[in-house]
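# Survey of secondary and tertiary structure
Chain residues, written in single-letter form:
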Amino acid sequence: MSKNLVIVESPAKAKTIEKFLGKDFHVLSSFGHIRDLAEKGFGIDFENNYQPQYEVPKDKQKLVGDLKKAAKESEIVWLASDEDREGEAISWHLFEVLGLTKERTKRIVFHEITKNAILEAIENPREIDINLVDAQQARRVLDRIVGFELSPVLWRKIKPSLSAGRVQSVAVRLIVDREREIQKFSSEASYRVTAVFLVTDKNGKPVELKAELQNRIKTKDQALQFLEKCKNAQFQIENIVTRPAKKSPAPPFTTSTLQQEAARKLGYSVSQTMIIAQKLYEAGLITYMRTDSVNLSSLALNTAKAEITSMAGEKYVHVRQFHTKSKGAQEAHEAIRPSYMNQHEINGTNQEKRLYELIWKRTIASQMADAELEKTTATINISTTTEKFIANGEVLTFDGFLRVYMESTDDEGEQENSTMLPPLKVNDNLNIQTIVAQERFTQKPPRYAEASLVRKLEELGIGRPSTYAPTISTIQNRGYVEKGDREGELRTFTTLTLKGDVINDAEKQETFGSEKAKLFPTDIGIVVTDFLNEYFPNIMDYNFTANVEKEFDNIAEGETKWTKTIDTFYKQFHPVVEASKARSDHKVGEHILGTDPKTGRQVSVKIGRFGPVAQIGIADEEEKPLFASLLKNQSMETITLEEVLELFKLPRIVGKFEDKEMSVAIGRFGPYIKHDNKFISLPKEEDPMTITAETAIALIQKKRQDDANKVIKVFPEDTELGLLNGRFGPYISYKKKNYKIPKKQDPALLTYEDCIKLIEEEDKSDKPKKKKRFTKK
């Protein structure tokens, strides 16, 4: 065994580090945390100053044994987990569980996995920072208390299996609040007036000059009056202002800005970005990817300067040292950047290449000169009114950092690219070609995408770099929020066009409001949010959640004892939970819509066992209530009495096929056709209220064909064994487990014996893989 044992949290990281160290070093992985709070109960000793009750999970026990053995056989153990709070906690848990001593243990940290960084860390070890560990323990304990105390309340009041969390519940609230803003929003129309003039360019050729009226006009009548005034008007250049302008590059990436820009430019989800960035970091290609710092090391600044000089020349160099604005930046102390600035491209998957290129460009651009522009504004006088037309032009005189990179934005408003204006002089008379007054509408607030939600959380001080991606994944996985697309709606707008002396009034149509990959609250998410807002306003308060994060920062800086923070929180929070339990046990989230005209019974919508349901009647009546599931595109917030009554027309008989009835209904998993005791799901585009017999028959026949094509072969020797066609090709199905078929093998020619052999081979090859995670790397 080697003299030195290095323990990291990831096998990929272990593999990269081992390349840089000599034969005296052996690198093993802990595969993340080796212990956590006990699964049963709170895992917290409330009688002993909130001490966490940790346990090693069963799937980590053999690994811990292997690490203990390796540690005993080594002279020095180097704990090299990540440098953030979670990484520090992993090192502390290793120290405690493996029974290490301070004399034989060294803690090393590094921002990047390069040879120089690793060797420098070995030369400058430190002890475990217990303040960082305590900050992580405080987060884990507080979040466990919130989850374990609130979740049972939700089970009783709303629906079993729900959960609540300190950060996740606030994130859902943001999405719910935005949805309600959108529902309340009332669009207002106005008229945007643009003019096209004909002027001559420097070569004497006629060119168009486009200008826009200073202010928008509120009504159609006012727009018509303005165009009437323009019929006999003279148009003259009143003023021309030319001024220089500059654009500066954005700082290098932090975790949140990388997530936002990868979403805008590459279409990656927040969690996808972090998975790819983790791989790049562990391969030694970029610095640590969980950081809220925009700082660059002096080495990075110097190598960036050299790279820009080589690539574009000295005039493109402008060295900047950005500074982190957020107080208590708790993660790594450097921005996300390439480990080697002269490495423009990497080997890897297409996703890895694209994300690396984005990081490289952003870092290089941050050290490049400002882009220089010349902006020109021409004011055009109208002889018959005091209104003015404005023409704007812009020309790039020096591209600077734009040669490499330009940051994207989330703005969804109308954007026009400015171009250079033709030569103009004050008092020039202009020939009008057309004036168009087009009806425009105010835009509703945009729904959050994953990236814009991250930006909002960061803005409010909620969460930290390591928590954004897990929070957004959690609220989707638990069914509080759905990510999806919405088709736009059709609307009519008016266009008034003045050409010569004639005003043309035309109505046109456009699609508006289409959305892609946006976050929508589910009915359950809305009901849970409303309940928590009513009974636990502190937990749902944005400032409270942000202040808790500041408390964690204070603990990390050694200014506060973590147990004191937990004690203060628990003594305020626990009585509120107990008080909520004492309230009446009625279910929350029920909306009464009116009365059923046929029976006179109450009609309502609420959260049922399997999601939102409509109900006719109440439990206290002699006649049992009737229930119907809401359609996928319906919401408890917006559904009307008429729409609910339509749901009770299901199940609906749509006709007969092969002398058996076809009926349409809605079940736990959505609308379906029932025929001959078989169930066929309806595609999204089919409405259960209007589907015809012909369509139903076609779906039944398609299902039969799909089922027939799925089975390649069955074997009388064993009814549990079958050869099937799947989404990714043919496979063997045996005892509820799937097995691969080699590509060169024709599935139709496989015998029973061949299948058993392939099953045995795959089962045999799986066993060493499980052991492999506990052996040397």
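## Topic: the overall build of the protein chain
In terms of regular secondary structure, the protein chain is built from 20 helices and 30 strands. Taken along the three principal axes of its C-alpha coordinates, the protein chain extends 95 × 85 × 70 Å. Looking at the protein chain as a whole, 47% of its 777 residues qualify as buried. Contacts in the protein chain between residues far apart in sequence, at least 24 positions, make up 71% of those at least 6 positions apart. Total accessible area on the protein chain stands at roughly 41,200 Å², and carbon and sulfur atoms take up 48% of it. Here the protein chain holds 118 positive side-chain charges and 116 negative ones, and the gap between their average locations is 4 Å.

## Concerning the sheet that holds strand β29 (residues 729-734)
Taken in spatial order, the four strands make up an open sheet running β27-β28-β29-β30, and their pairing is antiparallel. Looking at which strands have only one partner, the edges of the open sheet turn out to be β27 (711-714) and β30 (737-740). The average angle at which neighbouring strand axes cross in this sheet is 25 degrees, direction not considered. The pairing of β29 with β30 spans four bridges and is antiparallel.

## Section: the pairing of strand β23 (residues 652-657)
Two strands pair when backbone bridges link them, and β23 and strand β24 (residues 660-667) are joined in this way by five bridges, in the antiparallel orientation. Bridge pairing in β24 links F657 to K660. Between β23 and β24, which pair antiparallel and follow one another directly, the connecting turn spans two residues, one of which, E658, has a positive phi of 55 degrees.

## Concerning the confidence of the model for the protein chain
When pLDDT is averaged across the protein chain, the result is 90; 95% of the residues are at 70 or more. Every residue in residues 768-777 is under pLDDT 50, and counting partners more than four places away or in other chains gives 18 contacts.

## Things to note about the environment of D687
Tracing the chain through its elements places D687 in the loop between β26 (678-681) and α19 (693-710). The sequence separation of D687 and I390 amounts to 297 residues, and the corresponding C-alpha distance is 51 Å. A polar contact is formed between the side chain of D687 and the backbone nitrogen of M689, at a distance of 2.9 Å.

## Section: helix α1 (residues 11-20)
Two residues of an α-helix separated by three or four positions point the same way, owing to the 3.6 residues in each turn. Within α1 the residues assigned to the buried category are K13, A14, T16, I17 and F20. The inward-facing, buried residues of α1 abut β1 (4-8), β2 (25-29), α4 (115-123) and α9 (270-282). One side-chain oxygen of the residue at the start of α1 lies 3.2 Å from the amide nitrogen of A12, identifying that residue as S10.

## A look at unusual backbone geometry
Among all residues except glycine, the phi angle is most often negative; among peptide bonds, the trans geometry is most common. Put simply, L650 and P651 share a cis peptide bond, and its omega is 0 degrees. Inspection of the secondary structure puts P651 in the loop between α18 (641-647) and β23. Even without being a glycine, F31 presents a positive backbone phi close to 50 degrees. Examined against the element boundaries, F31 turns out to sit in the loop between β2 and β3 (36-37). Positive phi outside glycine occurs at S161, with the angle close to 70 degrees. In this fold, S161 is placed in the loop between α5 (130-157) and α6 (166-184). Using a relative accessible area of 73% as the deciding quantity, one classes S161 as exposed.

## Overview of the nonpolar core
Within the largest apolar cluster, 131 residues are counted, with the highest numbers of intra-cluster contacts made by F110, L355 and F536. No other element matches the 10 residues that α5 contributes to this core.

## Quick word on empty space enclosed by the protein
Empty space among the atoms becomes visible once a probe the size of a water molecule is rolled across them. As enumerated under the stated definition, the model contains one cavity of 30 Å³ or more in all. Volume-wise, the largest cavity comes out at about 50 Å³. Around the largest cavity sit S163, Q168, S169, V172, Y480, G525, V528, T529, L532 and M540, which together line it. Broken down by secondary-structure element, the contributors of at least two residues to the lining of the largest cavity are α6 and α14 (523-535). Tallying contributions element by element places α14 first for the lining of the largest cavity, with four residues. Taken together, the residues of the lining of the largest cavity sort by class into five nonpolar, five polar and no charged.

## Describing the packing of α6 against α14
Viewed as axis vectors pointing N to C, α6 and α14 meet at an angle of 110 degrees, and their least axial separation amounts to 9 Å. Here α6 lies roughly perpendicular to α14, going by the angle between them. For the pair formed by α6 and α14, the contact residues are S169, V172, R173, V176 and R180 on the first element and G525, I526, T529, D530, L532 and N533 on the second. Along the lines of polarity and charge, the residues of the contact of α6 with α14 split into four nonpolar, four polar and three charged.

## Here's the deal with the side chain of S269
Tracing the sequence through the fold places S269 in the loop between α8 (255-266) and α9. Owing to a relative accessible area of 15%, S269 belongs among the buried residues under this scheme. Polar side-chain contacts of S269 include one of 3.1 Å to the backbone nitrogen of Q272. Look past the residues within four positions of S269 in its chain and what remains in contact with it is E450 and K483.

Procedures and definitions
Residues numbered from 1 in each chain as written. Predicted model: local features only at pLDDT ≥ 70, side-chain atom pairs only at ≥ 80, totals over all residues. Heavy atoms only, no water. Helix = DSSP H or I, 4+ residues; strand = E, 2+ residues; numbered from the N terminus. Buried < 20%, exposed > 50% of the residue type's maximum accessible area, 1.4 Å probe, protein only. Contact = heavy atoms within 4.5 Å. Areas by Shrake-Rupley, 256 points an atom, 1.4 Å probe, with all protein chains shown as cover. Lys, Arg positive; Asp, Glu negative; His and termini not counted. Charge placed at Lys NZ, Arg CZ, Asp CG, Glu CD. Pairing = 2+ DSSP bridges. Axes fitted to C-alpha atoms, helices over the stretch in contact; angles between N-to-C directions. pLDDT = per-residue confidence, 0-100. Polar contact = N/O pair within 3.5 Å; in protein donor to acceptor, adjacent residues only side chain to side chain. Core = buried A, V, L, I, M, F, W, Y, C linked by side-chain atoms within 4.5 Å. 1 Å grid on protein atoms, 1.4 Å probe; cavity = no way out; pocket = protein on both sides within 12 Å on 5 of 7 lines; lining within 4 Å. Points joined across faces, edges and corners; volume = space filled by probe spheres on them. Nonpolar A, V, L, I, M, F, W, Y, C, P; charged D, E, K, R; others polar. Parallel < 35°, antiparallel > 145°, perpendicular 65-115°, else oblique.

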